[in-house]
Amino acid sequence: MKLARVSIHPATIKELHKNHPHITSDRYSLCFPKNAPLVYWYDEKKDKKYFFLHDPLHQKIKARLWKVTVEKRAEDSFDFIKELNDRFERVLEEKGQLFKSSERENFFWLFGEADGFPGLRLISFNDTFVFQAESFFWKQFKDVLIKKLRSMRNDVQCVYWQERTSSGESGKLEKILGDDLKQATINEFGVNYTVFFDDAKKDFGLFTDMAFVRKEMKQRGLFEGRNLLNLFAHTGAFSFFAMKNGATQTHSVDLSPTWMDVFYQNREHNKLENCTYTVGKVEDYLEESKDTFQVILCDPPPVLTIKEKKMSVMNFYQRYLNKMIHLLDKEKGTLVLFCNNHSIKMSDFEKEIKKINNKLKIKGYLGLGEDCTVISSFNEGNYIKGVILEIC
Ligand SMILES: C[S@@+](CC[C@H](N)C(=O)[O-])C[C@H]1O[C@@H](n2cnc3c(N)ncnc32)[C@H](O)[C@@H]1O
C-alpha cells in the first residue's frame with residue numbers, strides 16, 4: 001500500500017503539537033499525492049514521525065492521525081493492515097468488558113478518534129452492527145473490518161455500512177451482511193425501543209450517544225416522584241426512561257409525526273401509561289401551555305428553524321428560556337438543558353444561561369461517557385453538553 005512522505009502547513013504543525021489529530025484542507029494538504037492512502041510527516045526537530053490516513057475526497061479534513069512514533073525507519077516496516085487488525089482486536093476486547101456490564105443492547109464499539117479509529121464509528125443494536133464512516137478512507141478497508149469483527153464477536157448477524165457526508169449528515173445505509181432488516185427491537189436500561197435501518201427515517205430512532213446521560217440522570221434520582229416535560233423529544237427515549245425511573249407523568253413535544261407514531265408504538269410495547277405527546281413546534285408549545293412541570297428537559301438540534309429563520313441553539317435559549325422557566329414548578333423545579341454543538345464551550349454555554357436568567361444555579365453537568373469517550377485535545381468529539389439547573 002502506497003505510503004508517501006509529505007510536508008505540512010506550519011499552522012497544522014502547531015496543532016499537531018497540541019495533539020489535535022486532523023490535517024485540514026490547505027495549500028500543503030491539497031498537494032498530498034492523491035494515489036497514496038497513507039501519508040507521513042517527519043518532525044525533524046523532535047525526531048518523530050506522524051502517520052496519517054489520507055482522505056483526498058473529504059472537503060475539509062484531508063488526513064487523520066493514525067499514530068506518532070519515534071521508531072527509526074518506521075516508514076519501512078509500516079504494515080497498516082496488521083496494525084488495523086491489532087488495534088481493532090484490542091478495542092473490541094476492551095469495549096467487550098464494558099458492554100457486559102452496560103445493561104444495553106445498543107453500544108458504540110468504535111467511537112472515532114477517542115478509540116484510535118479516526119473518522120469511524122461502529123455501533124451495535126443487538127446483533128446488527130453499523131459502521132459509520134465520516135472519512136472516505138475507510139471504504140477500502142470494509143472487508144478487513146468485517147472479517148475481524150466476525151472473528152471477534154459471534155453475535156454478528158447483520159452489518160450495514162453508512163458513509164456520513166462532508167457536512168456531517170448521515171448518508172445512505174448499505175447492507176453488507178445478513179438480511180436487510182429495516183427495523184429491530186432493542187433494550188436499553190430496561191426500556192424496549194424500535195430502532196430503524198431505513199434511509200427514509202433519517203436516523204435510528206434512538207440516540208445511543210445519549211445513553212450515558214440517561215444513566216447519569218438515574219443516578220441523580222432526577223425523575224423520582226416528578227413529572228417531566230420533554231422538549232424536542234424525538235421518539236421519547238427520555239420520557240420512557242423517566243417513567244421507568246420513578247416519574248409520575250411525562251409530556252413530550254416534537255414536530256415530527258413520524259417520531260410520534262414510533263413513540264406510541266414504544267409506549268405500548270413497554271406498557272407505559274401517563275406518557276403523552278404533542279406534535280408541534282416547541283416554540284408554539286412554550287407560548288401556549290399553562291401546565292407546570294417539576295422537570296423540564298430540552299434537547300434541541302444545534303441549528304433550529306424558528307418562524308422560517310435559522311437560529312442557533314444559543315439564540316433559541318435567549319428567546320425561549322424564560323418561557324420554559326414560566327412552566328417550571330417554582331418550589332422544586334429542575335431544568336436540564338442541552339447544547340449539542342462542539343463549537344460552543346461548556347463555559348460559554350453556562351455564561352449565556354446565567355446572562356439570560358441570573359437566578360439559575362448549576363447543580364450538575366452531563367456529557368458523553370462510557371462507550372462514547374472524549375479526548376481533551378479534540379473539541380470536535382465533545383459535542384454533547386448538558387447542564388442541570390435549579391432556580392435559587
Ligand atoms: C436531536 S433530536 C432530539 C433527540 C432526543 N431528545 C433524544 O435523544 O431522545 C432533535 C429533535 O428536534 C425536533 N425538532 C426540530 N426543530 C423542532 C421544533 N422547532 N419544534 C419541535 N421539535 C423540533 C426534531 O424533529 C428531532 O426529533
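The structure displayed is predicted, hence computed values, not measured ones. (Residues numbered from 1 in each chain as written. Predicted model: local features only at pLDDT ≥ 70, side-chain atom pairs only at ≥ 80, totals over all residues.)

1. Let's talk about the overall build of the protein
Then, number 1: Secondary structure summary: the protein contains 10 helices and 21 strands in total.
Then, number 2: Since a compact globule built from 392 residues should have a radius of gyration of about 21 Å, the 23 Å found for the protein is in line with a globular shape.
Then, number 3: In terms of overall dimensions, the protein has C-alpha extents of about 70 × 45 × 35 Å along its principal axes.
Then, number 4: By the burial criterion, 39% of the 392 residues in the protein qualify as buried.
Then, number 5: Sequence-distant contacts, at least 24 apart, represent 61% of the contacts inside the protein between residues at least 6 apart. (Helix = DSSP H or I, 4+ residues; strand = E, 2+ residues; numbered from the N terminus. Rg over C-alpha atoms; globule rule 2.2 N^0.38 Å. Buried ≥ 20, exposed ≤ 12 C-beta atoms within 10 Å, placed from the backbone. Contact = placed C-beta atoms within 7 Å.)

2. Points about the pairing of strand 17 (residues 303-306)
Then, number 1: Bridge count between strand 17 and strand 18 (residues 309-312): four bridges; the pairing is antiparallel. Residue Ile306 lies in a different strand from strand 18, and its bridge partner there is Lys309.
Then, number 2: Linkage of strand 17 to strand 18, two consecutive antiparallel strands, is achieved through a turn of two residues, within which Lys307 is found at a positive phi near 45°. (Pairing = 2+ DSSP bridges.)

3. Brief notes about the site of the ligand
Then, number 1: Taken together, the neighbourhood of the ligand is formed by 17 residues, with Phe232, His234, Ala237, Val282 and Asp299 sitting nearest.
Then, number 2: Among the elements of the structure, helix 6 (237-244) and helix 8 (282-288) are those that each provide at least two residues to the shell around the ligand.
Then, number 3: Partitioned by chemical class, the residues of the shell around the ligand number 11 nonpolar, two polar and four charged. (Near = placed C-beta within 6 Å. Nonpolar A, V, L, I, M, F, W, Y, C, P; charged D, E, K, R; others polar.)

4. Considering the sheet that holds strand 16 (residues 295-298)
Then, number 1: A sheet is described by the order of its strands in space; here seven strands give the open sequence 15-14-13-16-19-21-20, paired in mixed fashion. Strands with a single pairing partner mark the edges of an open sheet, and in this sheet they are strand 15 (275-279) and strand 20 (360-367). Between one strand axis and the next, the sheet turns through 15° on average, direction left out of account.
Then, number 2: Note: strand 20 against strand 21 (residues 385-391), seven bridges, orientation antiparallel. Each bridged residue has a counterpart across the sheet, and for Leu360 the counterpart in strand 21 is Ile391.
Then, number 3: Sheet strands touched by helix 10 (residues 346-356): strand 19 (334-338), strand 20 and strand 21. Its angle to strand 21, the strand with the most contacts, is close to 30°. (Axes fitted to C-alpha atoms, helices over the stretch in contact; angles between N-to-C directions.)

5. Some words on the nonpolar core
Then, number 1: Judged by nonpolar contacts, the single largest core of 96 residues is most densely connected at Phe52, Ile296 and Leu337.
Then, number 2: Residues in contact with Phe52, not counting those within four places in the same chain, are Ile23, Leu38, Val39, Tyr40, Ala63, Arg64, Leu65 and Trp66.
Then, number 3: Counting residues in each nonpolar core, the second largest holds five residues, with Trp259, Val262, Phe263 and Tyr277 among its members. (Core = buried A, V, L, I, M, F, W, Y, C linked by C-beta atoms within 7 Å.)

6. A few points about the environment of Asp26
Then, number 1: Looking at the secondary structure, you find Asp26 in the loop between strand 2 (22-24) and strand 3 (38-43).
Then, number 2: Residues Asp26 and Asn274, 248 residues apart in the sequence, show an inter-C-alpha distance of 55 Å.

7. Observations regarding the domain arrangement of the protein
Then, number 1: Under the domain assignment used here, the protein contains domain 1 (3-78), domain 2 (82-181) and domain 3 (203-391).
Then, number 2: A C-alpha centroid distance of 40 Å is found between domain 1 and domain 3. (Domains from an automatic or database assignment.)

8. Here's the deal with unusual backbone geometry
Then, number 1: You will see that Lys202, though not glycine, has its phi angle at about 75°, which is positive.
Then, number 2: Judged by the 13 C-beta atoms lying within 10 Å of it, Lys202 is partly exposed.
Then, number 3: Phi angles above zero are rare outside glycine, and Glu308 is one such case at about 65°.
Then, number 4: Among the structural elements, Glu308 can be located in the loop between strand 17 and strand 18.
Then, number 5: The class for Glu308 is exposed, based on 5 C-beta atoms found within 10 Å.

9. As for the sheet that holds strand 3
Then, number 1: On the basis of which strands lie adjacent, the open sheet formed by five strands has the order 1-3-4-5-2 and mixed pairing. Only two strands of the sheet have a single partner each, and these edge strands are strand 1 (3-5) and strand 2. Across the sheet, the mean angle from the axis of one strand to that of its neighbour is 30°, orientation sign disregarded.
Then, number 2: Bridge count for strand 1 against strand 3 is three bridges, and the pairing is parallel. Among the inter-strand pairings, Leu3 is bridged to a residue of strand 3, identified as Leu38.

10. Structural notes on the packing of helix 3 (residues 80-100) against helix 4 (residues 142-152)
A pair of packed helices is characterised by two quantities: the angle between their axes and the separation of those axes.
Then, number 1: Viewed as axis vectors pointing N to C, helix 3 and helix 4 meet at an angle of 40°, and their least axial separation amounts to 10 Å. At the point where helix 3 passes helix 4, the crossing takes the right-handed sense. Residues Ile81, Leu84, Asn85, Phe88, Glu89 and Leu92 of helix 3 pack against Val144, Leu145, Lys148 and Met152 of helix 4.
Then, number 2: Split into classes, the residues belonging to the contact of helix 3 with helix 4 amount to seven nonpolar, one polar and two charged. (Left-handed = near helix turned anticlockwise from the far one by under 90°.)

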